Amino acid sequence: MAMKINADMCTSCGDCEPECPTASISVKKGLYVISASGCTECEGDYDKPQCVKVCPIKGCITQVAA
Ligand code: SF4
Ligand code: SF4
């Protein structure tokens, strides 16, 4: 499973990018995106997804539907 950034809500503040333990967040054409293949939902590193924890916009980062 992985998380995804809702582009409509993201303000491109950049807060999430340095917090990711697997370096799965990057900027593509000015938009912050999460690599679904790289994102571990922080399992093994943290109790909760760190990107969700630091993102100031509630609901901006959500789980990719299975
Ligand atoms: S859930 Fe964790 S591993 Fe996945 S993008 Fe967010 S910070 Fe990175
Ligand atoms: S912390 Fe949230 S609003 Fe800021 S760049 Fe990341 S996803 Fe977008």
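Values in this document were obtained by computation on a predicted structure and should not be read as measured data.

**Student:** What am I meant to see in the overall build of the protein here?
**Tutor:** What the protein contains, in helices and strands, is one helix and four strands. Ordered by position from N to C terminus, the α and β elements of the protein give β-β-β-α-β. The C-alpha radius of gyration of the protein comes to 11 Å, within 12% of the 11 Å expected for a compact globule of 66 residues. The 66 residues of the protein split such that 24% are buried. Across the protein, every contact between residues at least 6 apart in sequence was considered, and the portion connecting residues at least 24 apart equals 67%.

Conventions adopted
Residues numbered from 1 in each chain as written. Chains lettered and ligands numbered in written order. Predicted model: local features only at pLDDT ≥ 70, side-chain atom pairs only at ≥ 80, totals over all residues. Helix = DSSP H or I, 4+ residues; strand = E, 2+ residues; numbered from the N terminus. Rg over C-alpha atoms; globule rule 2.2 N^0.38 Å. Buried ≥ 20, exposed ≤ 12 C-beta atoms within 10 Å, placed from the backbone. Contact = placed C-beta atoms within 7 Å.

Everything listed is a geometric property; what it means functionally is a separate question.
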